[in-house]
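# Residue-level structural notes
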Amino acid sequence: MNHTQRQPRNRTYLMCPPQHFTVEYAINPWMDTTVPVDAALALKQWEMLRDTLGDLGHRVHLLDPVAGLPDMVYAANGAFSVDGVVYGARFRFPQRGAEADAHREFYAGQGWTFAGPVHVNEGEGDFAYLPGAYGGLVLAGYGFRTDPAAHAEAQEVIGRPVVSLRLVDPAFYHLDTALAVLDDRHVTYYPGAFSPASQRVLAQLFPDAVLADRADAEAFGLNLVSDGRHVVLNTEATAMGDKVRAAGYQPVHVDLSELKRGGGSVKCVVAELRQ
Ligand code: ARG
């Protein structure tokens, strides 16, 4: 592909301010409840990300934060939408359970078709969408959070093929910590986060993928948001920035150090609304 042809597409996103963000329980290996969170810094960094997405021409909707839901800033986990159809989330851990209701209310009355889930799934944390692959392809992760039964449920709701991928490394507990969509048909991923069979599936589907290594994934370099040209990623992920630049994209680094303490970065705090 001619890299000069990488074209951005305007997106609509949903974010939730980290007003009540803390690390008061540990449900992933990154969370350490003994180190206090700098709430003011978390908010400043989050605002910088929101402004960066706005400056790139994207529309950012806001979800009202709810007291007592410290992980609600990770808005990607609340649902998964494709062509106006929303597959709601059902969280693995009770501490986050009520977040699903807040997201459901957001979609009510905005022209969305909302399907409530039977099976445990954490929205865009474990579901990714490629509109340009095979007429629309869903990649879905399981192993730590989302129940594989939710992959079949999502396929029935969304009406697009869903490819199940097994995550095997607890540090990369959501699909969006191990794989990212760069444009409508192009992905980047860290193979070691997946089972050997799932690695083969990915290699078969995406022979042109940008391959990341463990250091990239640990820097949350795969937890990125791309509009097809601009790739917004954590400042720490410098090597990953170089890799996407070499593939023709324009890296845009933002510092989200404080939100990494909850086990997430750029992608975790941004849900894409596909109407
Ligand atoms: N503390 C949150 C959890 O463990 C972080 C969620 C990160 N979100 C994501 N999309 N990976 O559930």
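So, here's what we can say about the structure. Please read these numbers as outputs of a predicted model, since none were measured by experiment. (Residues numbered from 1 in each chain as written. Predicted model: local features only at pLDDT ≥ 70, side-chain atom pairs only at ≥ 80, totals over all residues. Heavy atoms only, no water.)

### Considerations on the sheet that holds strand E7 (residues 137–142)
Pairing is mixed in the open sheet, where 3 strands are placed in the order E6-E7-E8. Strands at the two margins of the open sheet, each flanked by one partner only, are strand E6 (127–130) and strand E8 (162–166). Averaged over all neighbouring strand pairs, the angle between strand axes comes to 25°, with direction disregarded. Relative to E7, E6 runs antiparallel, the two sharing 4 bridges. If you follow Leu130 over to E7, its bridge partner there is Leu137. Helix H4 (residues 196–205) rests against E7 and E8 of the sheet, and its axis sits at about 135° to E8. (Pairing = 2+ DSSP bridges. Helix = DSSP H or I, 4+ residues; strand = E, 2+ residues; numbered from the N terminus. Axes fitted to C-alpha atoms, helices over the stretch in contact; angles between N-to-C directions. Contact = heavy atoms within 4.5 Å.)

### Focus: the site of the ligand
Around the ligand sit 15 residues, and of these Asn28, Arg96, His174, Asp176 and Cys268 come closest. Residue Arg145 places a side-chain N or O atom 2.8 Å away from an oxygen atom belonging to the ligand. In the complex, the protein chains occlude 100% of the 350 Å² of accessible area that the ligand would expose alone. Taken together, the residues that form the shell around the ligand break down as 5 nonpolar, 6 polar and 4 charged. (Near = heavy atom within 4 Å. Polar contact = N/O pair within 3.5 Å; in protein donor to acceptor, adjacent residues only side chain to side chain. Areas by Shrake-Rupley, 256 points an atom, 1.4 Å probe, with all protein chains shown as cover. Nonpolar A, V, L, I, M, F, W, Y, C, P; charged D, E, K, R; others polar.)

### Examining the side chain of His58
One can find His58 in the loop between helix H1 (39–55) and strand E2 (59–62). Exposure remark for His58: the relative accessible area of 7% places this residue in the buried category. One polar contact links the side chain of His58 to the main-chain amide nitrogen of Arg11, over a distance of 3.0 Å. Among the polar contacts listed, one links the side chain of His58 to the side chain of Asp227, at a separation of 2.9 Å. (Buried < 20%, exposed > 50% of the residue type's maximum accessible area, 1.4 Å probe, protein only.)

### Details of the nonpolar core
If you look at the biggest cluster of nonpolar residues, it comprises 37 residues, and the most contacted ones within it are Leu139, Leu165, Leu179, Val187, Phe194, Phe206 and Met240. Those elements that provide at least two residues to this core are E6, E7, E8, strand E9 (179–183), strand E10 (186–189), strand E13 (230–234) and helix H6 (238–246). Here the element with the most residues in this core is E9; it accounts for 4 residues. Contact partners of Phe194, with chain neighbours within four places excluded, come to Leu165, Arg166, Leu167, Val168, Leu175, Ala178, Leu179, Tyr189, Gln199 and Leu202. Membership of the second largest hydrophobic core comes to 23 residues, among which are Tyr13, Ile27, Trp46 and Leu256. (Core = buried A, V, L, I, M, F, W, Y, C linked by side-chain atoms within 4.5 Å.)

### Observations concerning the sheet that holds strand E5 (residues 113–115)
The strand order E3-E4-E5 describes an open sheet built from 3 strands, whose pairing is mixed. Taken across any chain shown, the strands that pair with only one partner, and hence form the sheet edges, are strand E3 (79–82) and E5. Here the average twist between neighbouring strands, direction ignored, is 20°. In the sheet, strand E4 (residues 85–88) pairs with E5 via 3 bridges, with the strands oriented parallel. Along E5, the bridge assignment pairs Tyr87 with Ala115. Relative to E4, helix H3 (residues 148–158) is tilted by about 160°, and along the sheet it contacts E3, E4 and E5.

### With respect to the packing of aromatic side chains
If you walk through the whole model with that rule in mind, you get 9 aromatic pairs. Taking 5.3 Å as the distance between ring centres and 85° as the angle between the ring planes, the aromatic pair formed by Phe106 and Tyr107 counts as edge-to-face. You'll find Phe106 and Tyr107 in the same group, each marked buried. Ring centres 6.2 Å apart and planes at 40° place the aromatic pair Tyr107 and Phe114 in the tilted group. Put simply, the rings of Phe106, Tyr107, Trp112 and Phe114 pair up and form one aromatic cluster. (Phe/Tyr/Trp six-rings, centres within 6.5 Å; stacked < 30°, edge-to-face > 60°.)

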